[in-house]
Every structure is written in C-alpha cells, then in structure tokens.
Amino acid sequence: MAMAWIWSGMVVLSLLFGIATGNLDAVANAAMDGASSAVELSLSMAGILCLWSGVMEVMKACGISDNLARLFRPLLRKLLPNASRDPETLAAVSANVSANLLGLGNAATPLGIQAARRMARGCGGTASNELCLLVVLNTASIQLLPATIASVRAAAGCATPFDILPAVWVASILSVSAGLLAARVFSGWAR
C-alpha cells in the first residue's frame, strides 16, 4: 500500500513540475519512452529467464541439482542444527542454497519460503536464530553463476554479460561472511 502512495506521489509531482516549468510535453515523452523501454527489457529478460529456468529443470531431471544440494547438507547441518533434524526442511534449505548459488533467485524464493515455514513451526510468532540465519543466507547468497544479473546485462545490450563473475564471487563471499558474522553476534544478544 505504501508503494502505491509513493508511486502516485511521484507521478503527481512530475506532472505538477512539468506544468510549472512548461515542460509537460517532455514529461509525457519521458513517460512513454520509459514505458517502452520497460516493455522491451521485460520481454528480453523473460526469454533469458525462461532459458535458465529450463536449464534448472534439466539439472533437476538429471539429478544435478539434488547432488549439488547434497554437497551443502554437511555445512548446513553445522549452521542449522535444529532445522537439519527434519529431512524435508533440510532438503528445502539445501535446494534454496543451490538455486541461489546458480543465481536463480526467482526459483530459490519458493524453496526459501517453504523452508522458512517449516522452520517457523513452534517458534510462537518469534523468529528463531536459525530462521534469521536462513534469511541471511538467502539474502546474501553466494552466486557462482549470476544468471539473473547476466540476463539483465544481456537485455541491456551487453556483449559479455558474464564478465562480472570475479566481482560477483568476491562480493558474494564477503556478503555471506559479513552476514554470518552479524547473525552470530546478534544471536548472542538475543539470549
């Protein structure tokens, strides 16, 4: 609801300033150009996202994503000992981490929600430290292959959309490390 007010306010302010400065035609042209660019970007991204979603489905059918998730289970058992007691919760968390690793945030979201719902059982309306850690891992995820970012770059006309890989890897490792450290520090305060 708040976003509706913010966007409405921005439109009204743009129109008022356009009228006040005599540039209402420029405001209308900019709105039309922006809408056209948004549609073009959305359509070109849709194709690329469909491609990567298809790749993810092929990986799932071949068992690659399950094997990737299995690789993370020992680490996740140490990070989330209570959640790892339930095999379905651990499977959802592992799949979420795997999808984030491949840069498929849209595919990771339902898995993260499923894991969070399972972890929230018995919390009494207050998030546990492990649930907060899941949110940190999901938000600051390590990405080996940033498919969504690469698709945005390709849709914007970049000839080499994956040339950002080293920077993405460094930023991912730093963000996850900082997130884990912060979760560790703040979990001590909650006790």
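Fair warning: this is a prediction, and the values are worked out from it, not measured in the lab.

What counts as what
Note that residues are indexed from 1 along each chain, following the sequence as it is written. Two thresholds apply to this predicted model, a pLDDT of at least 70 for residue-level local features and 80 or more for giving and counting side-chain atom pairs, whereas whole-chain, interface and lining totals are computed over all residues. Here the side-chain values reflect all heavy atoms present in the structure, with hydrogen atoms and water set aside. Think of it this way: any DSSP run of H or I at least four residues long counts as a helix, any run of E at least two long counts as a strand, and we number them from the N terminus. With C-alpha atoms as the basis for the radius of gyration, the globule rule is written as 2.2 Å multiplied by the number of residues raised to the power 0.38. Remark: exposure states derive from per-residue accessible area (1.4 Å probe, protein chains only) relative to the maximum for the residue type, with buried under 20%, exposed over 50%, and partly exposed in between. Contacts are assigned to residue pairs that have any heavy atoms within 4.5 Å of one another. Note on areas: Shrake-Rupley with a 1.4 Å probe; residue coverage comes only from the protein chains shown. By the counting rule applied here, Lys and Arg register as positive and Asp and Glu as negative, while His and the ends of each chain are not counted. Here the site of a charge means atom NZ of a Lys, CZ of an Arg, CG of an Asp or CD of a Glu. Here, patches come from residues exposed beyond 30% relative accessible area and free of salt bridges, joined within 9 Å for like charges and within 5 Å for nonpolar side chains (Val, Leu, Ile, Met, Phe, Trp, Tyr). Think of a salt bridge as a Lys or Arg side-chain nitrogen and an Asp or Glu carboxyl oxygen that are within 4 Å of each other. The arc in question is traced by the directions running from the helix axis to the C-beta atoms. We place a 1 Å grid over just the protein atoms. Points where a 1.4 Å probe fits but has no way out form a cavity, open points with protein on both sides within 12 Å along at least 5 of 7 lines form a pocket, and any residue with an atom within 4 Å of a point lines it. Grid points are joined across faces, edges and corners, and a volume is the space filled by probe spheres set on the points. Three classes are used: nonpolar for Ala, Val, Leu, Ile, Met, Phe, Trp, Tyr, Cys and Pro, charged for Asp, Glu, Lys and Arg, and polar for all others, with Gly counted as polar. For every residue, the pLDDT score states the predictor's confidence, bounded by 0 at the bottom and 100 at the top. Side-chain atoms within 4.5 Å are what join buried Ala, Val, Leu, Ile, Met, Phe, Trp, Tyr and Cys residues into a set we call a nonpolar core.

Asks: Residue-level account of the overall build of the protein chain, with values.
Replies: Within the protein chain one finds eight helices and zero strands. Relative to the globule expectation of 16 Å for 191 residues, the C-alpha radius of gyration of the protein chain, 21 Å, shows a markedly less compact shape. A principal-axis box enclosing the C-alpha atoms of the protein chain has dimensions of 65 × 40 × 25 Å. Here the protein chain holds 191 residues, and the buried ones make up 28% of them. Taking contacts inside the protein chain between residues at least 6 apart in sequence as the whole, the part at least 24 apart equals 63%. Of the roughly 12000 Å² that the protein chain leaves accessible, carbon and sulfur atoms contribute 69%. If you average the places of the 12 positive and of the 9 negative side-chain charges in the protein chain, the two averages end up 20 Å apart.

Asks: So what's going on with a nonpolar patch on the surface? Residues and values would help.
Replies: Taken together, the side chains of M3, I6, W7 and M10 make up a nonpolar region of the molecular surface, amounting to roughly 430 Å² of accessible area. Looking at the secondary structure, you find M3 in helix α1 (residues 2–21).

Asks: Describe in detail helix α7 (residues 147–155), supporting the description with residues and values.
Replies: Those residues of α7 that sit buried are A147, A150 and S151. One side of α7 holds all its buried residues, which, seen down the axis, span an arc of 100 degrees. Immediately beyond the C-terminal end of α7, within one or two residues, lies G157, with a positive phi of roughly 100 degrees.

Asks: Quick one: what's the story with the pattern of salt bridges, residue by residue and with numbers?
Replies: Close approach of charged atoms allows side chains of opposite charge to pair. According to the stated counting rule, one finds three salt bridges in the structure shown. For the salt bridge of D86 with R118, the shortest nitrogen-to-oxygen distance reads 2.6 Å. Here D86, found in the loop between α3 (64–79) and α4 (87–101), pairs with R118, found in helix α5 (residues 105–120); they are 32 residues apart in sequence, far enough to count as distant. With a relative accessible area of 25%, D86 lands in the partly exposed category. Residue classification places R118 among the buried positions, given a relative accessible area of 17%. The salt bridge involving D163 is made with R153; its shortest N-O contact spans 2.5 Å. Taken together, the residues span a long stretch of sequence, with D163 in the loop between α7 and α8 (165–189) and R153 in helix α7 at a distance of ten residues. When its relative accessible area of 49% is taken as the criterion, D163 is described as partly exposed. We classify R153 as partly exposed; its relative accessible area is 24%.

Asks: I'd like a description of the layout of surface pockets, backed by residues and values.
Replies: Within this model, the largest pocket holds a volume of roughly 470 Å³. Around the largest pocket, the lining is made up of 20 residues, and of these L79, P81, N129, E130 and L133 lie nearest the centre. Broken down by secondary-structure element, the contributors of at least two residues to the lining of the largest pocket are α3, α5, α6 (129–139) and α8. Its residues placed into classes, the lining of the largest pocket shows eight nonpolar, five polar and seven charged.

Asks: For the confidence of the model for the protein chain, give the residues involved together with the corresponding values.
Replies: In regions of low pLDDT, the predicted coordinates are not meant to be interpreted in detail. For the protein chain, the mean per-residue pLDDT works out to 82, and 95% of the residues sit at or above 70. For the protein chain, per-element mean pLDDT is lowest for α3, which scores 78, and highest for α1, which scores 89.

Asks: Give a description of the environment of A28 that names residues and reports values.
Replies: Inspection of the secondary structure puts A28 in helix α2 (residues 24–62). By relative accessible area, which is 40% here, A28 ends up partly exposed. Counting along the chain gives 14 residues from A28 to S14, while the straight-line C-alpha distance between them is 9.5 Å.

Asks: Could you give me a rundown of the nonpolar core, with the residues and numbers involved?
Replies: Ranked by internal contacts, the top residues of the largest apolar core, which has 22 residues, are F72, L76, L80, V93, M119 and L134. Looking at this core element by element, the count peaks at five residues for α4.

Asks: How would you explain the environment of L41 if you had to name every residue and give the values?
Replies: With respect to the helices and strands, the residue L41 is situated in helix α2. Take L41: its relative accessible area is 34%, and that puts it in the partly exposed class. Separated by 36 residues in sequence, L41 and R77 have C-alpha atoms that sit 40 Å apart. Beyond its immediate stretch of four places on either side in the chain, L41 contacts V152, A155 and A156.

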